[in-house]
Amino acid sequence: MTGFQFAAPGLLALLLLIPALAAWRRWRGRAPVWLAPYAAAWSPPRALPGGPWRMLFLYGALALLIVALARPQRIDERQDVVSRGYDLMLAIDLSSSMLAEDYVGPDGPINRLEAIRPALQAFVTERPNDRIGVVLFAAQAYTLAPLTTDHAWLAEQLSTLQIGLLEDGTAIGDGLGIALAGLERPRATEDEAVGQFVVLLTDGANTSGSLTPPQSTALARYRGVPVYAIGAGRNGMVPFPIFDDQGRRVGTRQFPSALDIEALQRMARETDGRFVQAGDTAALAEAFSAIDAAQKTEFQVRTRRVTTELFPWPLAGAFALLLAAAPVWGAGAARLRRARS
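Only a predicted model underlies this, so the values are computations on that prediction, with no experimental measurement involved.

1. Some words on the pairing of strand β9 (residues 236-243)
Taken together, the 8 bridges between β9 and strand β10 (residues 249-257) define a ladder with antiparallel strand orientation. Residue pairing for β10: Pro241 is matched across the bridge by Thr252. Where β9 folds back on β10, the antiparallel hairpin that results is connected by 5 residues, among which Gly247 adopts a positive phi of roughly 85°.

Dropping the structure here:
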């Protein structure tokens, strides 16, 4: 938004003096004279120095000087939208139990990894102002991607995840511990960081690793990092694919699924996070929506007022008119001297 103002508008009242000065000069130039017949033939008429142009230049210069004294200014109201993003780590369980097919997709039953993959990718792409990293865990935990703002690349990495890449097991404590370590990377400036949190997705109980869930939870609590735990699938007997020695699927059997809900609830509660059990795709989408709403990027609108002084322009115009009046004055004075001689 752009505006215009005078820093000292009261000085513009001096412009009224110009017509008053012109009227006073016109009145002062009047004087009683005797009219003599044929007086013009006695002597040729003598022009005043500069004529009317000189006075027009002088009046114009005076008007511009008054405008310059009033200090015209251009005002620019600029609004800057400042976005503050989060640092978050996704800790994803890739243990063999994630092959359980207790989710239903558009074409039938799908395993737990296939169910969470679209929700993870959508969550990543819908938070453009955040830096996001990914940790994978099974028997051990590894960093797939450090904190990054290249969300397109990150979504592509998520699309390549496969169960069986890691040694089988469920190291929930290590997964959270590695995720917390990934949040220690400093930002470029202090103002960029609003908060940090971890989204941990698992379908089982801690069976391996160096850190226990209570130990990693204590570390998260000490760091002030909320943990949002999502329990994938459901407890009880679930369909599980059977493969032969060549990795070819040969059938489906029912296997028990045991999600340690109590441990995940404690992890979320003690870190001011939230636990959600997502037994179907709708609940899974709602879980990510709830996390997105709870830890949403903040936007601040900052208004800056930029003032630009414009008085040099009328001041330069006044000097230009004064310089233009000088030759007119000189030429008129020269003609008057020649006429007198």
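2. Considering the nonpolar core
Ranked by size, the top nonpolar core spans 42 residues in total, and within it Leu90, Ile92, Val199, Ile230 and Phe288 carry the most contacts. Take this core: its biggest share by element is 7 residues, from helix α3 (residues 112-125). Sequence-distant contacts of Ile230, defined by excluding residues within four places in its chain, comprise Val199, Leu200, Leu201, Thr202, Val276, Ala278, Leu284, Ala287, Phe288 and Ile291.

3. A closer look at the packing of aromatic side chains
Using the criterion set out here, one finds 5 aromatic pairs in the structure. Between the aromatic rings of Tyr86 and Phe197, the centroid separation amounts to 5.9 Å while the plane-to-plane angle is 70°, which identifies the pairing as edge-to-face. Here Phe197 lies in strand β7 (residues 193-202) and Tyr86 lies in strand β2 (residues 72-93), a separation of 111 residues in the sequence. Here the two residues Tyr86 and Phe197 agree in accessibility, since each one is buried. Clustering of aromatic rings is evident, with ring pairs tying together Tyr86, Phe197 and Tyr228.

4. Looking at the packing of α3 against helix α4 (residues 151-159)
Close contact between α3 and α4 brings their axes to 9 Å; oriented N to C, the two are set at 170°. Taken together, the axis directions place α3 and α4 in an arrangement best described as roughly antiparallel. In contact with Arg117, Leu120, Gln121, Val124 and Thr125 of α3, α4 contributes His151, Leu154, Ala155, Leu158 and Ser159. Of the residues contributing to the contact of α3 with α4, the split by class is 5 nonpolar, 4 polar and 1 charged.

5. A closer look at the pattern of salt bridges
Following the criterion strictly, the structure yields 11 salt bridges and no others. Across the salt bridge formed by Arg249 and Glu101, the nearest N and O atoms sit 2.6 Å from each other. Highlighted residues: Arg249 in strand β10 and Glu101 in the loop between β2 and β3 (103-105), separated in sequence by 148 residues. Look at Glu101 and you get buried, because its relative accessible area is 16%. Note that Arg248 and Asp244 form a salt bridge whose closest N and O atoms lie 3.1 Å from each other.

6. Digging into the side chain of Gln73
For Gln73, the location among the structural elements is in strand β2. You can call Gln73 buried: its relative accessible area is 6%. Once residues within four sequence positions are removed from consideration, Gln73 is found in contact with Gly3, Phe4, Gln5, Ala7, Thr307, Thr308, Glu309 and Leu310.

What counts, and at which threshold
- Residues numbered from 1 in each chain as written.
- Predicted model: local features only at pLDDT ≥ 70, side-chain atom pairs only at ≥ 80, totals over all residues.
- Heavy atoms only, no water.
- Pairing = 2+ DSSP bridges.
- Helix = DSSP H or I, 4+ residues; strand = E, 2+ residues; numbered from the N terminus.
- Core = buried A, V, L, I, M, F, W, Y, C linked by side-chain atoms within 4.5 Å.
- Buried < 20%, exposed > 50% of the residue type's maximum accessible area, 1.4 Å probe, protein only.
- Contact = heavy atoms within 4.5 Å.
- Phe/Tyr/Trp six-rings, centres within 6.5 Å; stacked < 30°, edge-to-face > 60°.
- Axes fitted to C-alpha atoms, helices over the stretch in contact; angles between N-to-C directions.
- Parallel < 35°, antiparallel > 145°, perpendicular 65-115°, else oblique.
- Nonpolar A, V, L, I, M, F, W, Y, C, P; charged D, E, K, R; others polar.
- Salt bridge = Lys/Arg side-chain N within 4 Å of Asp/Glu carboxyl O.

None of the figures reported here should be taken as evidence of function without further support.
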